[in-house]
Amino acid sequence: MGVRQAQGQAKTSAAIQIRQISPHPSLRSLVASFGERRADFKSINVIRALNARPDQFIEFYFREPYLVREKGTGFSATPTSVLVGVTSAPGKDLGFVGQIETFTIRFQPTGLARLFGVRMTETVDQGLALADVLKRQTPALESALAKSVTFEERVAIAQAWIASWLEQSRPFDEIDHIARLLVKTGGKVSIGRLADRAGISARQLQRRFLRDVGVTPKFFGRLTRFEAALAAQSRQPDQTWAHIAAEAGYADEAHLSREARALCGMTPQTFAARMEAISTLAVVGPEMSDLFKCAI
């Protein structure tokens, strides 16, 4: 397996390092990727507003935790390890301060449900303490990861841990296939047609999708489509929003703008500008590297 490491050109020694790797082929129906972030922020002047997104992951904080706030509240620290489900609406901010060192296991849409039987409706919009959700499965993992030093060691430990639970995992089925297709196509598939081809009713699909993903297939499709639009803009920031909207399957740019307001609380132009402002600050700021945009 090849490891891709992002390397910055920051003028200071304080750099955010981002590493990401795909899992072993035997785990790819459950796990999307493993990732690491390392950084050193001198003060909590770097804040990122969280948008609605389809990601589901387990994350470990080995030095300083992330800081989270909801509207009308102050920042509070995350637990040392968390399980995060689908984010269905904007409204939370992340803050970063001190030495950041994280390890993330990002799952396929139904990976956590298949592997551990987690009812994903209970994880939506939550960053749950991992020990509260997987009391039996994770203490040894967290300890082993904390004792490790390198990303490669942590990936090996995490893969061995996941492999040890494979025998008890639910077999891949039509719900898993539909969820993966929604991600792969950026939500540009007919959910009704997929249900018909799978031989299940719309009601069955919705009930099982809620259990294993956390939200309805229609809403999950909206999240993956919006994620695809944001990713397209990030790859090619010079293209117009009208072009991005058309490629992502929106009726027009106005349709994309309405979705952006619903899913990130602002227009897509404003969201992209804020992300770019964070990146620009990282280039010129004395404590951050130009890799910050990639890091979040």
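Structural notes, computed from the coordinates. Just so you know, these numbers come straight off a predicted model, no measurement behind them. (Residues numbered from 1 in each chain as written. Predicted model: local features only at pLDDT ≥ 70, side-chain atom pairs only at ≥ 80, totals over all residues. Heavy atoms only, no water.)

### Quick word on the overall build of the protein
Then, in step 1: Broken down by element type, the protein carries 12 helices and 9 strands.
Then, in step 2: Across the 296 residues in the protein, those meeting the buried criterion constitute 48%.
Then, in step 3: Of the roughly 14,300 Å² of accessible surface on the protein, 50% is carried by carbon and sulfur atoms. (Helix = DSSP H or I, 4+ residues; strand = E, 2+ residues; numbered from the N terminus. Buried < 20%, exposed > 50% of the residue type's maximum accessible area, 1.4 Å probe, protein only. Areas by Shrake-Rupley, 256 points an atom, 1.4 Å probe, with all protein chains shown as cover.)

### Notes on the nonpolar core
Then, in step 1: Core analysis: the biggest nonpolar cluster contains 32 residues, and Leu205, Phe209, Val215, Phe226, Tyr250 and Leu256 have the highest contact counts within it.
Then, in step 2: Those elements that place two or more of their residues in this core are α5 (174–184), α6 (191–198), α7 (202–212), α8 (217–235), α9 (241–248), α10 (253–264) and α11 (268–284).
Then, in step 3: Among the elements that make up this core, the one with the highest residue count is α8 (6 residues).
Then, in step 4: Excluding its chain neighbours within four sequence positions, the residues that come into contact with phenylalanine 209 are Ile175, Ile178, Ala179, Leu182, Gly214, Val215, Thr216, Pro217 and Phe220.
Then, in step 5: Core analysis: the second largest hydrophobic core is formed by 27 residues, Phe34, Ile58, Phe60 and Ile162 among them. (Core = buried A, V, L, I, M, F, W, Y, C linked by side-chain atoms within 4.5 Å. Contact = heavy atoms within 4.5 Å.)

### Observations regarding α5
Working note: α-helix, 3.6 residues per turn, so residues spaced by three or four point in the same direction.
Then, in step 1: All of the buried residues along α5 are Ile175, Asp176, Ile178, Ala179 and Leu182. Along the long axis of α5, the arc covered by the buried residues comes to 165°, so they all point the same way.
Then, in step 2: Buried residues along α5 sit in contact with α1 (111–116), α6, α7 and α8.
Then, in step 3: N-cap assignment for α5: the residue whose side-chain oxygen lies 3.0 Å from the backbone N of isoleucine 175 is aspartate 173.
Then, in step 4: Of the residues flanking the end of α5, it is glycine 186, one or two places downstream, whose phi is positive at about 65°. (Arc of directions from axis to C-beta. Polar contact = N/O pair within 3.5 Å; in protein donor to acceptor, adjacent residues only side chain to side chain.)

### Notes on the packing of α8 against α9
Then, in step 1: The geometry of α8 relative to α9 is characterised by a closest axis approach of 9 Å and an angle of 140° between their N-to-C directions. Taken as axis vectors, α8 and α9 run oblique relative to one another. Judged by the sense of rotation from one axis to the other, the crossing of α8 with α9 is right-handed. Between α8 and α9, the contacting residues are Arg225, Ala229 and Gln233 on the first element and Trp241, Ile244 and Ala248 on the second.
Then, in step 2: A class-by-class count of the residues in the contact of α8 with α9 yields 4 nonpolar, 1 polar and 1 charged. (Axes fitted to C-alpha atoms, helices over the stretch in contact; angles between N-to-C directions. Parallel < 35°, antiparallel > 145°, perpendicular 65-115°, else oblique. Left-handed = near helix turned anticlockwise from the far one by under 90°. Nonpolar A, V, L, I, M, F, W, Y, C, P; charged D, E, K, R; others polar.)

### Here's the deal with the pattern of salt bridges
Then, in step 1: Tallying each qualifying case throughout the model produces 15 salt bridges.
Then, in step 2: Linking arginine 170 and aspartate 212 is a salt bridge whose minimum nitrogen-to-oxygen distance equals 3.0 Å. Separated by 42 residues along the polypeptide, arginine 170 in the loop between α4 (151–164) and α5 and aspartate 212 in helix α7 bring together distant segments of the chain.
Then, in step 3: Ionic pairing is found between arginine 208 and aspartate 173, a salt bridge with its closest N-O pair at 3.0 Å. Of this pair, arginine 208 sits in helix α7 while aspartate 173 is found in the loop between α4 and α5, placing the two residues 35 residues apart along the sequence.
Then, in step 4: Residue arginine 208 is classed as buried on the basis of its relative accessible area of 14%.
Then, in step 5: By relative accessible area, which is 18% here, aspartate 173 ends up buried.
Then, in step 6: Residues joined by salt bridges that share partners form a network here, namely Arg170, Asp173, Glu174, Asp176, Arg208, Arg211 and Asp212. (Salt bridge = Lys/Arg side-chain N within 4 Å of Asp/Glu carboxyl O.)

### Focus on α8
Then, in step 1: In a regular helix each residue adds 1.5 Å, so 19 residues correspond to 27 Å; α8 covers 27 Å between its end C-alpha atoms and thus fits that length.
Then, in step 2: Burial in α8 covers these residues: Pro217, Phe219, Phe220, Gly221, Leu223, Thr224, Arg225, Phe226, Ala229, Leu230, Ala232 and Gln233. (Expected span 1.5 Å × (residues − 1).)

### Focus: the side chain of glutamate 36
Then, in step 1: Along the polypeptide, glutamate 36 turns up in strand β3 (residues 31–50).
Then, in step 2: By relative accessible area, which is 4% here, glutamate 36 ends up buried.
Then, in step 3: A distance of 3.1 Å separates a polar atom in the side chain of glutamate 36 from a polar atom in the side chain of arginine 38.
Then, in step 4: If we skip the residues at most four places from it in the chain, glutamate 36 touches Gln17, Ile18, Arg19, Thr102, Phe151 and Arg154.

Note that all results are geometric; they support no functional claim without further evidence.
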